[in-house]
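Residues per chain are reported as follows:
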Amino acid sequence: MNVRLTVNGEPHEAEVWEGESLLFALRERLGLPGSKNACEQGECGSCSVLLDDRLVCSCLVLAVQADGHDVVTVEGLAEDGRLHRVQEAFAATGAVQCGFCTPGFVVAAADLLEHNADPSDDEIREALSGNLCRCTGYAKIFDAVRLAASQ
Amino acid sequence: MELRRPPDAQHAVAALGNGSLALAGGTDLVPLLRDGIVRADTLVHLADAVPRGIDGTRIGAGTTLAELEVDPQVPAALREACAQAASPQLRSMGTIGGNLRQATRCWYWRLRFPCWLHGGEVCHAKAGQHREHAIFGNERCASAHPSDPAAALLALGARVRTDRRELSVAELYRLPTDESRDVVVLAPDELVLELDVPLPDASVYLKAMDRKKWAFPLVGVAAARFGDRVAFGLAGVAPIPWAVDSADDLDRATPLPGTAYKVQIARALIARAFSAL
Ligand SMILES: Cc1cc2nc3c(=O)[nH]c(=O)nc-3n(C[C@H](O)[C@H](O)[C@H](O)COP(=O)(O)OP(=O)(O)OC[C@H]3O[C@@H](n4cnc5c(N)ncnc54)[C@H](O)[C@@H]3O)c2cc1C
Ligand code: SF4
Ligand code: FES
Ligand code: FES
């Protein structure tokens, strides 16, 4: 069936199968491979996007559930050719190793700072608890979020 | 597969049953469909069919866990149970109606072993890996009910309104039987519409898990005080949310070799919850 949604501020239309995820539609139909597909079970957060400003796992949302709604992916965070301050902070602190988890963390961290400009360590931990990283041990990711918050 | 989006509860009920399944947030159903563990010819999207929002003691079944965890009208036990469930991503999509009907997390069941709950003869978990499994009601199926909010609603004595009746959360669940291998009494086309959650004098939810955040309950304990009466609801200890009157009830637990440790955790959490009220 046909779905229409706004992705990163632009209207899009796609022909999707009823059972297909928003993640699949973003990656395979709309050419936005930034959101990653790792577990497809809601466990790792690498597919995190904003759906009407709420952080969700796009692997668990059907594309048809996003029909008529507003989606922001990691590709939509940069503005005017400048990386989002969270993206810059991840690069600056070395919070990226293999990089597979990074888009999900960046979207989750950007969402956190949008709602809480000066989060405590516990609030950072809570906000990022749905994202798993197998490489960094999380310390550099915390540094990145603190750095972005301080800017 | 077909998708429908009925405009109200009545149309949704008419579209359910006969191979049609209700879809709320999709956080449980979408992966089950993808993995072929459940099948549906038609998905009935509930977005317009089930109330969403909190009005005093009444909670629409379409309200998300994220909405519940921050609303001051909601008793502490339910707020805390929602806040400690799953991850932020899942709580912003997952609804309370879907949470109450979520399927077991038993890995044998999720990996499609032909176990008793799937209609087979034996419980593979009992003879195999069962560290996360039950200490009560585990004669047939040893799965442990994964819902934190359900334990809180049980302790709070919440009532459930469906499209055709009203029942308590305690009545909503029952152990699966040979004839009906399901943990709820609802008909296949029955919709949960609303919850009514009495306001206690005090309540609390405590949860033991493998990780400090984002994990299913090994044991969850909800306690609610109404006057001088205290009620407890437990998650992660039986195939359904389990009510106990006091820690003494744990003397009647029937743990498996791998779940005996849960009895101790439950005892400790009940004592801690009681003193917190
Ligand atoms: C990785 C992961 C971790 C999780 N951790 C926890 C945890 O720690 N604690 C916890 O409590 N939960 C946990 N959950 C479960 C999660 O909270 C539920 O998946 C969610 O609440 C289900 O709501 P939903 O709206 O997405 O339901 P859906 O997936 O849409 O539906 C689930 C089931 O409920 C039925 N249904 C939905 N709405 C209704 C209704 N109104 N009436 C009748 N039937 C209905 C559907 O037909 C389906 O069978 C976890 C889930 C995942 C994926
Ligand atoms: S615990 Fe229940 S779901 Fe798990 S293998 Fe045994 S019968 Fe199946
Ligand atoms: S791919 Fe969606 S949570 Fe892992
Ligand atoms: S950098 Fe490799 S998983 Fe996080």
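Residues numbered from 1 in each chain as written. Chains lettered and ligands numbered in written order. Predicted model: local features only at pLDDT ≥ 70, side-chain atom pairs only at ≥ 80, totals over all residues.

**Considering the site of ligand 2**
Residue and element names in this part refer to chain B. Surveying the vicinity of ligand 2 reveals 14 residues, the closest of which are Cys106, Tyr108, Cys115, Cys123 and Cys141. Looking at the shell around ligand 2, the elements with two or more residues in it are helix H7 (107-110) and helix H8 (124-127). When grouped by side-chain class, the residues that make up the shell around ligand 2 number 10 nonpolar, 4 polar and no charged. (Near = placed C-beta within 6 Å. Helix = DSSP H or I, 4+ residues; strand = E, 2+ residues; numbered from the N terminus. Nonpolar A, V, L, I, M, F, W, Y, C, P; charged D, E, K, R; others polar.)

**Things to note about the interface of chain B and chain A**
Counting residues at the interface gives 18 residues for chain B, matched by 23 residues for chain A. At the level of elements, strand E1 (2-4), helix H2 (29-34) and helix H5 (88-93) of chain B are the ones that each hand at least two residues to the side of chain B that touches chain A. Top contributing element to the side of chain B that touches chain A by residue count: H5 of chain B, with 5 residues. Looking at the side of chain B that touches chain A, its residues break down into 10 nonpolar, 5 polar and 3 charged. (Contact = placed C-beta atoms within 7 Å.)

**Here we look at the site of ligand 1**
For ligand 1, the set of nearby residues contains 34 residues, the closest of which are Gly25, Gly94, Gly97, Gly98 and Asn99 of chain B. Near ligand 1, the surrounding residues belong to chains A and B. Going through the elements one at a time, strand E2 (20-23), H5, helix H6 (96-100) and helix H9 (148-155) of chain B are the ones with two or more residues in the shell around ligand 1. Residue composition of the shell around ligand 1, grouped by class: 18 nonpolar, 12 polar and 4 charged.

**A short note on the confidence of the model for chain B**
When pLDDT is averaged along chain B, the result is 97; 100% of the residues meet or exceed 70. The complex model carries a pTM of 0.97, and its ipTM stands at 0.94. (pLDDT = per-residue confidence, 0-100.)

**So, the sheet that holds strand E11 (residues 229-235) of chain B**
Residues and elements named next belong to chain B. The 4 strands are arranged E9-E10-E11-E12 in an open sheet whose pairing can be described as antiparallel. The open sheet has two edge strands, strand E9 (202-208) and strand E12 (242-244), and neither has a second partner. Averaged over all adjacent pairs, the angle separating strand axes in this sheet is 20 degrees, with direction ignored. Judged from the 7 bridges that link them, strand E10 (residues 219-226) and E11 form a sheet pairing that is antiparallel. (Pairing = 2+ DSSP bridges. Axes fitted to C-alpha atoms, helices over the stretch in contact; angles between N-to-C directions.)

**Quick notes on the packing of helix H2 (residues 85-93) of chain A against helix H3 (residues 102-115) of chain A**
Residues and elements named next belong to chain A. In the contact formed by H2 and H3, the axes pass within 9 Å of each other and the chain directions differ by 125 degrees. One element, H2, and the other, H3, form an angle in the oblique class. Remark: the crossing between H2 and H3 carries right-handed chirality. Residues Val86, Gln87 and Phe90 of H2 touch H3, and the partners they reach there are Thr102, Val106, Ala109, Ala110 and Leu113. Residues belonging to the contact of H2 with H3 are distributed by class as follows: 6 nonpolar, 2 polar and no charged. (Parallel < 35°, antiparallel > 145°, perpendicular 65-115°, else oblique. Left-handed = near helix turned anticlockwise from the far one by under 90°.)

**A short note on the pairing of strand E8 (residues 192-196) of chain B**
Residue and element names in this part refer to chain B. In terms of burial, E8 is a largely internal element, 4 of the 5 residues being buried. As judged from the 3 bridges shared by strand E5 (residues 58-60) and E8, these two strands associate in the antiparallel manner. Within the sheet, the bridge partner assigned to Ile59 lies in E8 and is Leu195. Note that strand E6 (residues 159-162) and E8 share 4 bridges and pair antiparallel. For Arg161, the partnering residue across the bridge sits in E8 and is Glu194. (Buried ≥ 20, exposed ≤ 12 C-beta atoms within 10 Å, placed from the backbone.)

**A few points about the domain arrangement of chain A**
Residue and element names in this part refer to chain A. The domain architecture assigned to chain A consists of domain 1 (2-76) and domain 2 (85-150). Its C-alpha centre places domain 1 at a distance of 21 Å from the equivalent point of domain 2. Contacts between the two partners involve 14 residues from domain 1, matched on the other side by 11 residues from domain 2. Looking at which element gives the most residues to the side of domain 1 that touches domain 2, the answer is strand E3 (residues 48-51), with 3 residues. Across the side of domain 1 that touches domain 2, the residue classes break down as 7 nonpolar, 5 polar and 2 charged. (Domains from an automatic or database assignment.)

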